Amino acid sequence: MLIETRRIIKTFKSHANKGLVKAVDDVSLSIKPQESLGLVGESGCGKTTLARIIMHLVSPDSGEVFFDGKVVKGAEALRLFRRKVRMVFQDPFSALDPRFTIEAVLREALVLEQKMTCSEIKERMARCLGSVGLPGDILSRYPHEFSGGERQRICIARALMTGPSLLILDEAVSSLDVLVQQQVLKTIDELRQKTGLTLLVITHNLRVARSLCQKIAVMKEGRVIEYDGVKEVFDTPKDPYTRQLMKAAFDHTLAS
Amino acid sequence: MRSMWQSFKENRRAVVCLWVLGALCVSAAFADFLTPYSFKDEARAFSYCPPTVVHIMHEGKLSRPFVYGQRMEFDTYHRRIYIEDKSARSFIKFFQSRLFTVEAPGRIYLLGADGRGRDIFSRILYGARVSLSIGLIGVTISFAIGLLVGGIAGYFGGRMDNVLMRLCEMVMMVPGFYLLLALRAAVPDSFNSLQVYASIIVILSFIGWAGLARVIRGMCLSLREREYVLAAKSMGVSDMRIIMTHILPHTVSYSLAALMLSIPGYILSESALSLIGLGIQDPYASWGNMLSESMNIVRLTFSPWILWPVFFIFITVMCFNVIGDALRDAVDPSMDQGGSR
Ligand SMILES: Nc1ncnc2c1ncn2[C@@H]1O[C@H](COP(=O)(O)OP(=O)(O)OP(=O)(O)O)[C@@H](O)[C@H]1O
Ligand SMILES: [Mg+2]
């Protein structure tokens, strides 16, 4: 298993009803190398929280995250983890510092790399931008000069800078229109086939999950209620909530 | 940053003030050249001599600029008055190691003389060095501390935040001027002028950082929730580096305005301290200690020109305030409130 979560629980204090919100409740998932797992669920079901816990940005109340079969412990292990596991954040508009040029954004991704020469860095930047279909001459521009879709691709390029083995995509395409969505999805799929990238695709869109993933986990109110191969989930959904989700996703009466 | 500067430039008043301050700073820097006398050049015979008139007409004929000699007399109330002595002329010499001087035995007092016959104009320019530099250096130090403490408290939150903010409150709780006096009292008597100067800067910075730290902390609390901060963290960027590159730069437009608005406080505190004799010591000049002579009301009525430093303090404080206000208005919200959508 490349990454595995075991019985993760995370609660937040909620100011609204003076109680506790169980954002992630007893979640155990695992992803094999070169496999893609789709994490689906409605808004507020704890997907982002789980991703942040996997990224070691938020510490869980209980439970463990294993990377390559080991708990990430100590500074050295964390450095390796940070180089090998990268995340694309939900909001392309706030995931890039408005004061950073694209070059600074991409260079920042390399903080943990060993010393690289300038030409190596330049070449790596051009390669990563190229792999998401962006020209190499945008390095001196600022994020606000780009559209949402372009920004999202810049974020993906940034995540690819260190050659990660696991990429977490948190709603990487949700904020984009359908056409751009298709392009970005295609880009990601190509990357996966070329480099053997492992993906954790977080989305509330079942179609996106179906087009990219081999396995699907459905979350509701912090719990995983369905966790199986794509075919099984789509053909024979066990939980009524999953059926509801699918009905919503593939029901065209509302859309047309 | 560029658009902030541009909208600042549209504020004509602020630009004028910037020029005035620039001129003042340059004059202070070149005081050695621009003044006719050194700050400690005494002439007891000219005690409280009024501003000298520069003449260019002598007995109906045009002449090089010159000043008449001054004859001291006593009026009916036994007050010292100076009368121009038309028989003694002293010509003004230009560009002789100083911009202008006057031939001996005449003396030139553009803004009048103080009790020991020292030139007030010269002392104001030399004093500007002290007063302005204390303001600028003091504010720089306390802003460095304020930004760092506020940044750390806001970014890390939790216990760190708690401890640092209680510290801030302790500093802010004591009224500024009394804290100033108390800290000044702790400075040993044996210090020479330079050490006193340095210790005043340290004291003023110590008092000034807390207010800024609190505001910066508030801004950082919201800035750290931005996804680019999380992204940087997820890529292994160190906390200190995140604070320096992703957090504090976003407070820069606010802090620049706050910086300008707080400089007057430093200048006024130094003046107040020097006025009551606890700051810069005679013979060194500062705008504050030049005013200590004017605490005598009789003196003030007879020789009102010893109030000239007040004018300079006023101009300086006003300029910094106008510039600070203009900067605050010019702050570009799209850069700091989460980027443009
Ligand atoms: N820092 C926090 N403090 C308090 N509550 C939080 C915090 N972060 C998340 N939550 C709560 O945890 C729950 C799950 O949030 P999360 O962001 O993980 O949802 P999500 O599945 O990513 O939703 P979306 O699809 O809208 O992004 C929500 O109810 C949210 O209110
Ligand atoms: Mg989310």
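Computed from a predicted model, the values in this text were never measured in an experiment.

(A) Inspection of the overall build of chain B at higher detail. Regarding its fold elements, chain B presents 14 helices and four strands. Taken over C-alpha atoms, the radius of gyration comes to 25 Å for chain B, far larger than the 20 Å a tight globule of 341 residues would show. For the C-alpha atoms alone, the extent of chain B along its principal axes is close to 85 × 45 × 35 Å. Burial statistics for chain B: of 341 residues in total, 48% are counted as buried. Pairs at least 24 apart in sequence give 71% of the contacts found in chain B among residues at least 6 apart. Per element, the accessible surface of chain B, about 16,700 Å² overall, is 65% carbon and sulfur. Across chain B, the centroid of the 32 positively charged side chains sits 2 Å from that of the 25 negatively charged ones.

(B) How the structure looks around the side chain of Arg107 of chain B. Within the secondary structure layout, Arg107 of chain B lies in the loop between strand E4 (98-102) and helix H4 (120-156). Side-chain polar atoms of Arg107 of chain B contact the backbone oxygen of Asp41 of chain B, separated by 3.4 Å.

(C) How the structure looks around the coordination of the magnesium ion (ligand 2). Residues and elements named next belong to chain A. Looking at the magnesium ion (ligand 2), one finds its protein donor set to be Thr48 (OG1) and Gln90 (OE1), positioned 1.8 to 2.4 Å from the metal centre. With a gap of 42 residues between them, Thr48 in helix H1 (residues 47-54) and Gln90 in the loop between strand E6 (85-88) and helix H3 (102-108) connect regions that are remote in the sequence. According to the relative accessible area criterion, Gln90 is partly exposed, its value standing at 31%.

(D) Spatial organisation of the domain arrangement of chain B. Domain annotation of chain B identifies domain 1 (2-30 + 120-340) and domain 2 (52-102). Spacing between the C-alpha centres of domain 1 of chain B and domain 2 of chain B amounts to 42 Å.

(E) Structural context of the confidence of the model for chain B. All names here are of chain B. Per-residue confidence for chain B gives a mean pLDDT of 88; residues scoring 70 or more make up 96%. Mean pLDDT across the secondary structure elements of chain B bottoms out at helix H14 (residues 333-336), with 50, and peaks at helix H2 (residues 12-29), with 94. Scored below 50 in pLDDT, residues 334-341 shows 20 contacts in the model against residues more than four places distant or in partner chains. Confidence metrics for the complex model read pTM 0.81 and ipTM 0.89.

(F) Representation of the site of ligand 1 within the structure. Residues and elements named next belong to chain A. Lining the immediate environment of ligand 1, one finds Phe12, Val21, Ala23, Ser43, Gly44, Cys45, Gly46, Lys47, Thr48, Thr49, Gln90 and Glu171. The contact in question runs from an oxygen atom of ligand 1 to an N or O atom on the side chain of Thr48, over 2.5 Å. One of the side-chain nitrogen or oxygen atoms of Thr49 is found 2.5 Å away from an oxygen atom of ligand 1. Burial of ligand 1 by the surrounding chains reaches 63%, relative to a free accessible area of 630 Å². Looking at the shell around ligand 1, the elements that each hand over two or more residues are strand E2 (20-31) and H1. Per element, the largest residue contribution to the shell around ligand 1 is three residues, and it comes from H1.

(G) Focus on the interface of chain B and chain A. Taken residue by residue, the interface counts 23 residues in chain B and 24 residues in chain A. Taken over both partners, the interface formed by chain B and chain A buries close to 2,200 Å², and the fraction arising from carbon and sulfur atoms is 58%. The largest per-residue losses of area from chain B upon contact with chain A belong to Glu227, Ser234 and Met235 of chain B, which jointly make up 32% of the total buried on that side. In this structure, the connection of chain B to chain A is made through one salt bridge. Where Arg52 of chain A meets Glu227 of chain B, a salt bridge forms, and the shortest distance between an N and an O atom there is 3.7 Å. Our count for the chain B to chain A interface comes out at six residue pairs in polar contact (both at pLDDT 80 or more).

(H) Looking closely at the side chain of Ser294 of chain B. Residue and element names in this part refer to chain B. Considering the arrangement of structural elements, one finds Ser294 in the loop between helix H11 (287-290) and helix H12 (297-302). Among the polar contacts made by the side chain of Ser294, one reaches the main-chain carbonyl oxygen of Leu291 at a distance of 2.4 Å. Excluding residues within four positions of it along the chain, Ser294 makes contact with Leu300, Ile306 and Leu307.

(I) Representation of helix H5 (residues 158-173) of chain B within the structure. All names here are of chain B. Counted at 1.5 Å a residue, the expected span for H5 with its 16 residues is 22 Å, and the 22 Å between its end C-alpha atoms agrees. Within H5 the residues assigned to the buried category are Asp161, Leu164, Met165, Cys168 and Val171. The buried side chains of H5 occupy one side of the element, clustering within an arc of 115 degrees when seen end-on. Relative to its buried face, H5 has exposed residues pointing more than 90 degrees away, namely Arg159, Val163, Met170 and Met173.

(J) Broad picture of the packing of H4 of chain B against helix H9 (residues 239-247) of chain B. All names here are of chain B. With their axes 10 Å apart at the nearest point, H4 and H9 run at an angle of 110 degrees to one another. Relative to H9, H4 is oriented roughly perpendicular. Residues Leu148, Gly151, Ile152, Tyr155 and Phe156 of H4 touch H9, and the partners they reach there are Asp239, Met240, Ile242, Ile243, Met244 and Ile247. Residue classes in the contact of H4 with H9 are distributed as nine nonpolar, one polar and one charged.

The rules behind the values
Residue positions within a chain follow its written sequence, with the count starting from 1. The order in which chains are written sets their letters, starting at A; the order in which ligands are written sets their numbers, starting at 1. This being a predicted model, a pLDDT of at least 70 is required before a residue's local features are given, and a value of 80 or more before pairs of side-chain atoms are given or counted; all residues contribute to the totals for chains, interfaces and linings. To get the side-chain values, all heavy atoms of the structure are used, and hydrogens and water are removed first. Runs of H or I in DSSP of at least four residues are treated as helices and runs of E of at least two as strands, each being numbered from the N terminus. In this description the radius of gyration comes from C-alpha coordinates, and the expected globular size is given by 2.2 Å times residues to the power 0.38. Burial classes: relative accessible area under 20% of the type maximum marks a residue as buried, over 50% as exposed, and values in between as partly exposed (1.4 Å probe, protein chains only). Residues count as neighbours in contact if any of their non-hydrogen atoms are within 4.5 Å of one another. Areas reported as accessible are Shrake-Rupley estimates using a 1.4 Å probe. Residue values count occlusion only from the protein chains shown. Positive charges come from Lys and Arg, negative ones from Asp and Glu, while His and the chain ends are left out of the count. Charge placement uses NZ in Lys and CZ in Arg. For Asp and Glu, CG and CD serve respectively. Two N or O atoms count as a polar contact when they lie within 3.5 Å, although within protein this holds only if one can serve as hydrogen donor and the other as acceptor, and sequence-adjacent residues are included solely when both atoms are side-chain atoms. Think of the donor list as every N, O and S atom within 2.8 Å of the metal, or within 3.2 Å for Na, K and Ca; water never makes the list, so a site can look incomplete. Throughout, the edges of the domains are those of an automatic or database domain assignment. Residue-level confidence of the predictor is summarised by pLDDT, bounded by 0 at the bottom and 100 at the top. By convention in this text, a residue qualifies as near a molecule or strand provided that one of its non-hydrogen atoms is within 4 Å of it. Note: buried area is the sum, over both parts, of the accessible area (probe 1.4 Å) each one loses when the two are combined. Just to be clear on terms, a salt bridge is a Lys or Arg side-chain nitrogen sitting within 4 Å of an Asp or Glu carboxyl oxygen. Expected helix span is computed as 1.5 Å times (number of residues minus one). Note that the arc is computed from the directions linking the helix axis to the C-beta atoms. To get an axis, fit a line to the C-alpha atoms, keeping to the stretch in contact for a helix; angles then go from 0 to 180 degrees between the N-to-C directions. Here roughly perpendicular refers to angles of 65 to 115 degrees, roughly parallel to angles under 35, roughly antiparallel to angles over 145, and oblique to all remaining angles. Polarity classes work like this: nonpolar for Ala, Val, Leu, Ile, Met, Phe, Trp, Tyr, Cys and Pro, charged for Asp, Glu, Lys and Arg, and polar for all others, with Gly in that last group.

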